[in-house]
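# Observations on the three-dimensional arrangement
Single-letter residue listing:
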Amino acid sequence: MNIAVLIFLAVAIEGLIQWLKTSYRNKWTWLALGLGFVAVVAAGFNPLLVLGVVPKGDVQAVAVALIGYLLGAVAIARGSNYLNDFVGLMRA
């Protein structure tokens, strides 16, 4: 795993925790997350695969798919600022 993947995971997980910590009671937060998840699965947008993570087995492939799609959904659900941060991180 390269450093870009580790940095992405750290930023994305911290963002997810902070976002849910402050907004977990808001039904719109959950709706945005659900719609974001549907959108990334439909579009096939998996940030982990974009960053070059290659699963080595069936269990790891499922984990990469679920985690990647969840993190992609969070990026989309949080809005353009978060997505812009993600794109900037990928370019670095």
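Along each chain, residue indices are assigned from 1 in the same order as the chain's sequence is written. Residues qualify for local features only when their pLDDT is at least 70, as the model is predicted, and side-chain atom pairs are given and counted only at 80 or more; totals for whole chains, interfaces and linings, by contrast, use all residues. Side-chain measures here rest on the full set of heavy atoms in the structure, leaving out hydrogens and waters.

## Considering the overall build of the protein
Helix and strand definitions here come from DSSP, where helices need a minimum of 4 consecutive H or I residues and strands a minimum of 2 consecutive E residues; each element is numbered from the N-terminal end. Along its length, the protein carries five helices and zero strands. Counting helices and strands in the order they occur from the N terminus, the protein gives α-α-α-α-α. A simple rule labels every residue: compare its accessible area, found with a 1.4 Å probe on the protein chains alone, to the largest value its type can have, and call it buried under 20%, exposed over 50%, or partly exposed in between. Scored against the burial criterion, the 92 residues of the protein give a buried share of 32%. Contact definition: two residues touch when any of their heavy atoms are within 4.5 Å. Taking as baseline every contact in the protein between residues at least 6 positions apart, the subset at least 24 positions apart corresponds to 67%.

## Comments concerning the packing of helix H2 (residues 27-43) against helix H4 (residues 58-78)
For every element, the axis is a line fit to its C-alpha atoms; helices are fit only across the contacting stretch, and the angle between N-to-C directions ranges from 0 to 180 degrees. Remark: H2 packs on H4, axes separated minimally by 8 Å, with the N-to-C direction vectors making an angle of 120 degrees. Between H2 and H4, the crossing angle belongs to the class labelled oblique. The crossing of H2 and H4 is right-handed. Residues Ala-32, Leu-33, Gly-36, Phe-37, Val-40 and Val-41 of H2 touch H4, and the partners they reach there are Tyr-69, Leu-70, Gly-72, Ala-73, Val-74, Ile-76 and Ala-77. For the contact of H2 with H4, the per-class residue count stands at eleven nonpolar, two polar and no charged. When an angle is under 35 degrees it counts as roughly parallel; over 145 it counts as roughly antiparallel; between 65 and 115 it counts as roughly perpendicular; any other value is oblique. Crossings are sorted by hand: turned counterclockwise from the far helix by less than a right angle, the near helix makes the crossing left-handed, and turned clockwise it makes it right-handed. Polar here means any residue outside two lists: the nonpolar Ala, Val, Leu, Ile, Met, Phe, Trp, Tyr, Cys and Pro, and the charged Asp, Glu, Lys and Arg; Gly therefore counts as polar.

## Some points on the confidence of the model for the protein
pLDDT measures the predictor's confidence residue by residue and takes values from 0 up to 100. With 87% of its residues at a pLDDT of 70 or more, the protein has an overall mean of 80. When mean pLDDT is compared element by element in the protein, H4 scores highest at 86, while helix H5 (residues 80-91) scores lowest at 67.

## A word on H2
Each helix should span, by expectation, one fewer than its residue count multiplied by 1.5 Å. For H2, which comprises 17 residues, the first-to-last C-alpha distance of 24 Å matches the rise-based estimate of 24 Å (1.5 Å per residue) to within 8%. Looking only at H2, the buried set comprises Thr-29, Leu-33, Gly-36 and Val-40. Burial along H2 is one-sided: seen end-on, the buried residues are contained in an arc of 65 degrees. Seen from the buried face of H2, the exposed residues on the opposite side, beyond 90 degrees, are Lys-27, Trp-28, Leu-35, Val-38 and Ala-42. The arc in question is formed by the directions pointing from the helix axis toward the C-beta atoms.

## Quick word on the environment of Phe-45
Within the secondary structure layout, Phe-45 lies in the loop between H2 and helix H3 (47-50). For Phe-45, a relative accessible area of 24% gives the class partly exposed. In this structure, the C-alpha to C-alpha distance between Phe-45 and Ala-65, residues 20 residues apart in sequence, is 9.8 Å.

## Focus on the environment of Leu-20
Along the polypeptide, Leu-20 turns up in helix H1 (residues 3-23). Placed ten residues apart in sequence, Leu-20 and Trp-30 show a C-alpha to C-alpha distance of 9.1 Å.

## Points about the environment of Ala-12
Residue placement: Ala-12 occurs in helix H1. On the accessibility criterion, Ala-12 (3% relative accessible area) is buried. For the pair Ala-12 and Ala-75, spaced 63 residues apart in the sequence, the C-alpha separation amounts to 7.9 Å.

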